[in-house]
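Residue-level listing of the chains:
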2 protein chains.
Amino acid sequence: MAQKPSIPKGTRDFSPAEMMRRTYIFETIKRVFRTYGYAPLETPSMENLSTLLGKYGDEGDKLLFKILNSGDYAAGLNDEQIRQASKICEKGLRYDLTVPFARYVVQHQSEITFPFKRYQVQPVWRADRPQKGRYREFYQCDVDVIGSRSLLNEVELIEIVERVFALLGIGVTLKMNNRKILYGIAEAIGHADKMMDITVAIDKLEKIGLDNVKAELAERGLDEEAIAKLQPILELSGTNAEKLQKLADVISCSETGMKGIEEMTEIFGYVEDADINLRIELDLSLARGLNYYTGAIFEVKAEDFAIGSICGGGRYDDLTGIFGLPNTSGVGISFGADRIYDVMVGLDLFPEEVDFTTKVMFVNLGKEEVLESLKIMRKLRLAGAATEIYPEPAKMKKQMEYANRRNIPYVVIIGSNELQERKATVKNMRTGEQMSVDFCEVSDLAYL
Amino acid sequence: MAQKPSIPKGTRDFSPAEMMRRTYIFETIKRVFRTYGYAPLETPSMENLSTLLGKYGDEGDKLLFKILNSGDYAAGLNDEQIRQASKICEKGLRYDLTVPFARYVVQHQSEITFPFKRYQVQPVWRADRPQKGRYREFYQCDVDVIGSRSLLNEVELIEIVERVFALLGIGVTLKMNNRKILYGIAEAIGHADKMMDITVAIDKLEKIGLDNVKAELAERGLDEEAIAKLQPILELSGTNAEKLQKLADVISCSETGMKGIEEMTEIFGYVEDADINLRIELDLSLARGLNYYTGAIFEVKAEDFAIGSICGGGRYDDLTGIFGLPNTSGVGISFGADRIYDVMVGLDLFPEEVDFTTKVMFVNLGKEEVLESLKIMRKLRLAGAATEIYPEPAKMKKQMEYANRRNIPYVVIIGSNELQERKATVKNMRTGEQMSVDFCEVSDLAYL
């Protein structure tokens, strides 16, 4: 019985046209990762629930997709056991690439050469309520180095951000902050215990404005005096060096805070000396939600397109501790492929070569013509040009329509006249121009 | 509390070394697919269970991984409902790429330009009992054209097989048969109704031998006379053309059988005329298990390595019928990446460039040296060479050990002497050779 086919809500099919564009983004990002010495890694789609549970907060636990145990799962269990998902599910789909990475590092620590530089581009799954721009299956592109406290790693990630977005043609600003500075601020205003509350509140500065942030800070138990002390910090202006200078005056009492300022000064110094051509802004309201960050944090904004951050990350000092390997510092960033895709569509940034999959199509005019075509096609393919022949000797109009709909830039026609003269008719589908080309020169189309 | 981390049985982590090799295989295959005009497609990891169930037989249904509905799945359901997986699971992980492809074609038929040539390289999941060489998550690499009955498509797939294995350096034999011929044989021996029984039995010829196949045929209800008629067919020898000729004499009474012979004659003719350099053998015992095949069938064997088939496929006339789009013929093949990997490891076929991820490592001898190094590294990276610097100014021995363990072929040393003379010391880690190279020429390492 025929069913009307559909896919689960929040998931997507990627058509060839979308895949060409997505592949272009992924390949660009991976190529940059590789030139910086990062090595590819893949982990299984399913992890044991014991690996995943408790790592993303209560909210995150609820968003895990759980996989029913295979076999006669329901037989032999009592009703209560069945009711408890933990008894019928031992595996879940990965929620991000960070926890599986930490799990991998701990599990394989004896085989790994540290510092371990890896990138990972794989889908993740979240049982979020689907809405515009939020999917239940989406790719993450993560790059991390673990086992080194050197700030050169931060500098390298900044250079990677610069390279990726330069290659994609997206103008960006990199916003940076440091968790140690945020702690220092909390300490300086007399509320070291409320560092997370302060962080959560000021993270919303851009979204809800200063007055609302102040209201939220009050709700979270900060007295007026503390809020008054905080305000000038949030309004610091000038160059990054100037901001750090002014900040140092305010939080000099906090050892941790001063360490954060020192880190940022060193990072910015390297960036300047190494001539990294990227707009970088110290943004003291940048906090980032994840609570495993302990040092520098990053967030990238597109300059000419209104969308959330398109890349982000930071330094973490104890990600692998949950799996039994403490004191292993790392730093990493993640590129948001879906948003980058939207920016590139919005600003029309995809290059022409991702607009088609086949470069040259041969018209099919019968067996003898096909046999000659196959020989020429082989040369085109060896030269790297995506080439095909219409599989049936259909009407010319139908074949040309196919080429048009597939957005194929060149069509080669070999009929009986062409066979006799050993010259093909080559049609440029963009301009409509037609040329007569020697059989042995048709493969030069590969280089156009 | 620290847990000892592990992954679900039957799944795998792919280390950087494995990823480099796997990526090499996948990229080679995809590159060939693209040069033949096939376009990339991706479908979601999860499909509705209604899409998957009933498509792979009862055995297949049991091997589907089912995903628990998200949210408060257990609340509000009675015990009986909970006990039935269909009530608590609406989604499953895809079992292969063929059914999702058929679903995609039917769902998007109005947007697709037919003939539709697509390739798809994605993981699939099966709740099989894990054992050596059999995993619960593995990649399939499928290439199909749908919406064309032309045998040129079969010829093109044969050429793709030739290209892929030539590029990978694996010597192969392509075994071919045709489901119409198998039907013709069944008809000729008076058992058209037992075509599937005959197919299943003779499919085992290579594995269990002729006598056992005969015994199985008897068990499946074939009389002695029919088995006697079948034997000479299974033992046909000579060239493919000779086999087809002899076969035609035996099954001339079967219209379908003769159609199969005609198809194979046309395909082999094209292959010869187009000079496709591949060993192709008509193997009348080749049947392939899947029952949606209706025409030519393919299977590829490695010549110098004992392993099952490393690629296979065939023509199907009604794959999309189950989803409501009948009469849409297609043909496709699938490459077995895990087995190809095993063959390439076994025969030592991976090229040297997949043995390392970083080509050039700079030794870290302090801040001033690092700043100079970063400038040279930028040039190397722009030239495409994977380059890194050891992030800490550690002892030289430790840094060289790191380079060794990472299998990095070139190490660049810039110390105070080198800074002064503006010449780097470049060490070839394979030969142990050291050279002094002008700063501005170090980036030439990218081209070695």
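Per chain, residues are indexed from 1 in the order of the written sequence. Chain letters and ligand numbers both follow the written order, the letters beginning at A and the numbers at 1. Residues qualify for local features only when their pLDDT is at least 70, as the model is predicted, and side-chain atom pairs are given and counted only at 80 or more; totals for whole chains, interfaces and linings, by contrast, use all residues. Side-chain metrics rest on all non-hydrogen atoms present in the structure, leaving aside hydrogens and water.

Points about the overall build of chain A
Consideration 1: Each helix corresponds to a stretch of at least 4 residues labelled H or I by DSSP, and each strand to a stretch of at least 2 residues labelled E; elements are numbered beginning at the N terminus. In terms of regular secondary structure, chain A is built from 17 helices and 16 strands.
Consideration 2: Dimensions along the principal axes, computed over C-alpha positions, put chain A at roughly 90 × 65 × 45 Å.
Consideration 3: Within chain A, the proportion of its 448 residues that are buried is 59%.
Consideration 4: Considering only contacts within chain A whose residues lie at least 6 apart along the sequence, 68% involve residues at least 24 apart.
Consideration 5: Carbon and sulfur atoms provide 47% of the accessible area of chain A, an area that totals close to 18,800 Å². Summary of the burial criterion: residues with accessible area below 20% of their type's maximum are buried, those above 50% are exposed, and those between are partly exposed, where the area comes from a 1.4 Å probe applied to protein chains only. Residue contacts are defined here by distance: any two heavy atoms, one from each residue, within 4.5 Å place the two residues in contact. In short, Shrake-Rupley with a 1.4 Å probe defines the accessible areas, and a residue's cover is counted only from the protein chains shown.

What to know about the sheet that holds strand S13 (residues 387-389) of chain A
Residue and element names in this part refer to chain A.
Consideration 1: Only strands joined by at least two bridges in the DSSP assignment are considered to pair. Reading across the sheet, the 5 strands line up as S13-S12-S14-S15-S16 and stay open at both edges, with mixed pairing between neighbours. If you trace the sheet from one side to the other, it starts and ends with S13 and strand S16 (434-438), each paired once. On average, each strand axis in the sheet is inclined to that of its neighbour by 25 degrees, with strand direction left out of account.
Consideration 2: Pairing analysis gives 4 bridges linking strand S14 (residues 410-413) to strand S15 (residues 423-428), with the strands arranged antiparallel. Counterpart to Val411 in the pairing with S15 is Lys427.
Consideration 3: Every angle, taken between N-to-C directions, lies between 0 and 180 degrees, and every axis is a line fitted to C-alpha atoms, over only the stretch in contact when it is a helix. Sitting on the sheet, helix H15 (residues 367-382) is in contact with strand S12 (360-362) and S13, with an inclination near 170 degrees to S13.

Brief notes about the packing of helix H1 (residues 16-35) of chain A against helix H14 (residues 337-346) of chain A
Residues and elements named next belong to chain A.
Consideration 1: Interaxial distance between H1 and H14 falls to 11 Å at its minimum, and their mutual angle equals 115 degrees. Between H1 and H14, the interaxial angle falls into the category roughly perpendicular. H1 and H14 meet at a crossing whose hand is right-handed. For the pair formed by H1 and H14, the contact residues are Glu18, Arg21, Arg22, Tyr24, Ile25, Phe26 and Ile29 on the first element and Ala337, Asp338, Ile340, Tyr341, Met344 and Val345 on the second.
Consideration 2: When residues are sorted by character, Ala, Val, Leu, Ile, Met, Phe, Trp, Tyr, Cys and Pro go into the nonpolar class, Asp, Glu, Lys and Arg into the charged class, and all the rest, Gly among them, into the polar class. Tallied by class, residues from the contact of H1 with H14 come to 9 nonpolar, no polar and 4 charged. For classification purposes, an angle smaller than 35 degrees is called roughly parallel, one larger than 145 roughly antiparallel, one from 65 to 115 roughly perpendicular, and anything else oblique. Throughout, a crossing is termed right-handed when the near helix is turned clockwise from the far one, and left-handed when it is turned anticlockwise from it by less than a right angle.

Comments concerning the interface of chain A and chain B
Consideration 1: Chain A puts 107 residues into the contact, and the matching count from chain B is 107 residues.
Consideration 2: Taken together, both faces of the contact between chain A and chain B bury some 9,000 Å²; the carbon and sulfur share is 56%.
Consideration 3: Broken down by element, the side of chain A that touches chain B gets its largest block of residues, 8 residues, from H15(A).
Consideration 4: Of the residues that constitute the side of chain A that touches chain B, the class distribution is 50 nonpolar, 26 polar and 31 charged. The term buried area denotes the loss of accessible surface (1.4 Å probe radius) that occurs when two parts are joined, taken as the sum for both partners.

Overview of the confidence of the model for chain A
Consideration 1: What pLDDT reports is the predictor's confidence in each residue, on a scale of 0 through 100. The predicted model of chain A has a mean per-residue pLDDT of 92, with 95% of residues at 70 or higher.
Consideration 2: Low pLDDT (under 50) marks residues 72-76 of chain A, which in the prediction has 6 contacts with non-local residues, meaning those over four places away or in another chain.

Description of the side chain of B:Asp338
All names here are of chain B.
Consideration 1: Inspection of the secondary structure assignment puts Asp338 in helix H15 (residues 337-346).
Consideration 2: What makes Asp338 buried here is its relative accessible area of 16%.
Consideration 3: Once residues within four sequence positions are removed from consideration, Asp338 is found in contact with Arg12, Arg22, Tyr135 and Phe138.

Thoughts on helix H6 (residues 98-107) of chain B
Think of an α-helix as 3.6 residues a turn; residues three or four steps apart then line up on the same face.
Consideration 1: Among the 10 residues that make up H6(B), 9 are buried, leaving the element largely enclosed by the rest of the structure.
Consideration 2: Of all the positions in H6(B), only B:Thr98, B:Val99, B:Pro100, B:Phe101, B:Ala102, B:Arg103, B:Tyr104, B:Val105 and B:Val106 are classed as buried.
Consideration 3: Tucked into the core, H6(B) has its buried residues touching H1 of chain A together with strand S2 (46-48), helix H2 (49-52), strand S5 (116-125), strand S6 (137-146) and strand S10 (311-316) of chain B.

Focus: the packing of aromatic side chains
Any pair of aromatic rings gets described here by the distance separating the centres and the angle formed by the planes.
Consideration 1: Only the six-membered ring of Trp is used, alongside the rings of Phe and Tyr, when aromatic pairs are assigned; centres must lie within 6.5 Å, and planes under 30 degrees apart are stacked while those over 60 apart are edge-to-face, with the rest tilted. Summed over all chains, the structure comprises 24 aromatic pairs over all chains.
Consideration 2: Ring geometry for A:Tyr24 and A:Phe350: centres 6.2 Å apart, planes at 65 degrees, overall edge-to-face. In this pair, A:Tyr24 is assigned in helix H1 and A:Phe350 in the loop between H14 and S12, connecting sequence segments 326 residues apart.
Consideration 3: On the basis of relative accessibility, which here comes to 10%, the residue A:Phe350 falls in the buried class.
Consideration 4: Grouped by ring-pair contacts, the aromatic residues A:Phe33, A:Tyr119, A:Phe165 and A:Phe335 constitute a single cluster.
Consideration 5: The ring of A:Phe14 carries the charged tip of A:Arg22 above its face, separated from the ring centre by 3.7 Å.
Consideration 6: Its end group placed over the ring of B:Tyr135, B:Arg12 keeps NZ or CZ at 3.4 Å from the ring centre. Either the NZ atom of lysine or the CZ atom of arginine qualifies as a charge over a ring when it sits within 6 Å of the ring centre and within 35 degrees of the ring normal.

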